[in-house]
Amino acid sequence: MTKGMESLNQLYRIGCGPSSSHTMGPEKACVLFKAKNSDADEFKAILYGSLAKTGKGHCTDAVIVSTLSPTPCKVEFDYDNTDIEHPNTMDLFAYKNGEQIDFIRVFSVGGGRIEFEGSSSAKEPIVYNLSTFQEIKDYCKEKKYRLWQYVDEVEGEYIWEYLADVWKTMKNAIETGIEDEGTLPGGLDVQKKAKYLYNMEHIGESAETRENREVCSYAFAVSEQNASGHKIVTAPTCGAAGVLPAVLYYMQHKHGYTDRQILQALATGGLIGN
């Protein structure tokens, strides 16, 4: 019996880097908490476990403050409390006129997913009833489908709207990243290299060298945006966020593929990745 697969929106997730568990999960929790407490005049977040111990390095506090802005938020790191259900635990408090008006405990369980204490874990629905490539291949051969047409049949028009946002985010990360300069956060003074790579064309450069340099500059651009805490797309992780957009962006500019064709490529790649 096949177990099926989730929507591609669970493979491609849009959010702030550099970590799906340490920035995307907390960011999602803060978006929901802020919407629920739109009248709050102050927030507080307490980080525990891994979120506390590696939160500074992963910019967890920065994404929390940024997401809850312009309402001020104080972020505390609790390094000592081990009485927690999950290593990535975060408490969020909302205040108005000095009085606490709301509280939630959130678990960032990986891949940008979050769970709330006291709530049953809501699993994402299974939308694909086939879950091996052989099954999908046989089905597409029978229906005379391309792989992206199977995605279209299962997910409908919504997935194309979502993948359009994915592609827009990927392109923006590249175009912003190849103009970015300076050092990466983290205290090691690592210089950003995307802009340098993109502009280092030299006399006599072969077509193969140019292609390699340009694709690498696009991948560096996204990876550096990710490391800097900017918006990227997991493909399927934050660490792998640069490769897919780099290839697709280069192929679009070299061969003139339309955005719709790129979305079909994202659907095909996402189906295989799923």
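Structure: above.
In what follows, the accompanying structure is described.

Cut-offs applied
Residues numbered from 1 in each chain as written. Predicted model: local features only at pLDDT ≥ 70, side-chain atom pairs only at ≥ 80, totals over all residues. Heavy atoms only, no water. Helix = DSSP H or I, 4+ residues; strand = E, 2+ residues; numbered from the N terminus. Expected span 1.5 Å × (residues − 1). Contact = heavy atoms within 4.5 Å. Core = buried A, V, L, I, M, F, W, Y, C linked by side-chain atoms within 4.5 Å. Buried < 20%, exposed > 50% of the residue type's maximum accessible area, 1.4 Å probe, protein only. Phe/Tyr/Trp six-rings, centres within 6.5 Å; stacked < 30°, edge-to-face > 60°. 1 Å grid on protein atoms, 1.4 Å probe; cavity = no way out; pocket = protein on both sides within 12 Å on 5 of 7 lines; lining within 4 Å. Points joined across faces, edges and corners; volume = space filled by probe spheres on them.

Another aspect to go through is helix α10 (residues 259-273). End to end, α10 covers 20 Å across 15 residues, agreeing with the expected 21 Å (1.5 Å per residue, within 8%). Here the buried face of α10 lies against β1 (5-6), β8 (126-128), α4 (133-143), α5 (147-155), α6 (157-177) and α9 (243-255).

Let us look at unusual backbone geometry. Backbone geometry follows two general trends: most residues other than glycine have a negative phi, and most peptide bonds adopt the trans configuration. Omega for the peptide link from G17 to P18 comes to 10°, which places this bond in the cis form. With respect to the helices, strands and loops of the structure, P18 is situated in the loop between β2 (14-16) and α1 (20-36). Residues A235 and P236 are joined by a peptide bond in cis, for which omega reads 5°. Its identity as a non-glycine residue notwithstanding, N97 has a phi of 55°, on the positive side. Secondary-structure assignment places N97 in the loop between β5 (88-96) and β6 (99-110).

In this section: the nonpolar core. Y12, I136, L163, W167, L266 and L271 are the most contacted members of the largest nonpolar core, which has 42 residues in total. Listing elements by their share of this core, those giving two or more residues are α4, α5, α6, α8 (207-227), β9 (231-233), α9 and α10. Sorting elements by how many residues they give to this core places α6 first, with nine residues.

A word on the packing of aromatic side chains. Considering all chains together, one arrives at 11 aromatic pairs under this definition. Between W148 and W160 the ring centres are 6.1 Å apart and the planes differ by 75°, which places this aromatic pair in the edge-to-face class. With W148 in helix α5 and W160 in helix α6, this residue pair connects regions lying 12 residues apart in the sequence. Taken as a pair, W148 and W160 share a single burial class, namely buried.

The subject of this paragraph is empty space enclosed by the protein. In total, this model carries one cavity of 30 Å³ or more according to the counting rule given. Computed from the structure, the largest cavity encloses a volume of approximately 30 Å³. The wall of the largest cavity is formed by G25, P26, L51, N88, M90, V106, F107, S108 and I114. With three residues, β6 is the single largest residue contributor to the lining of the largest cavity.

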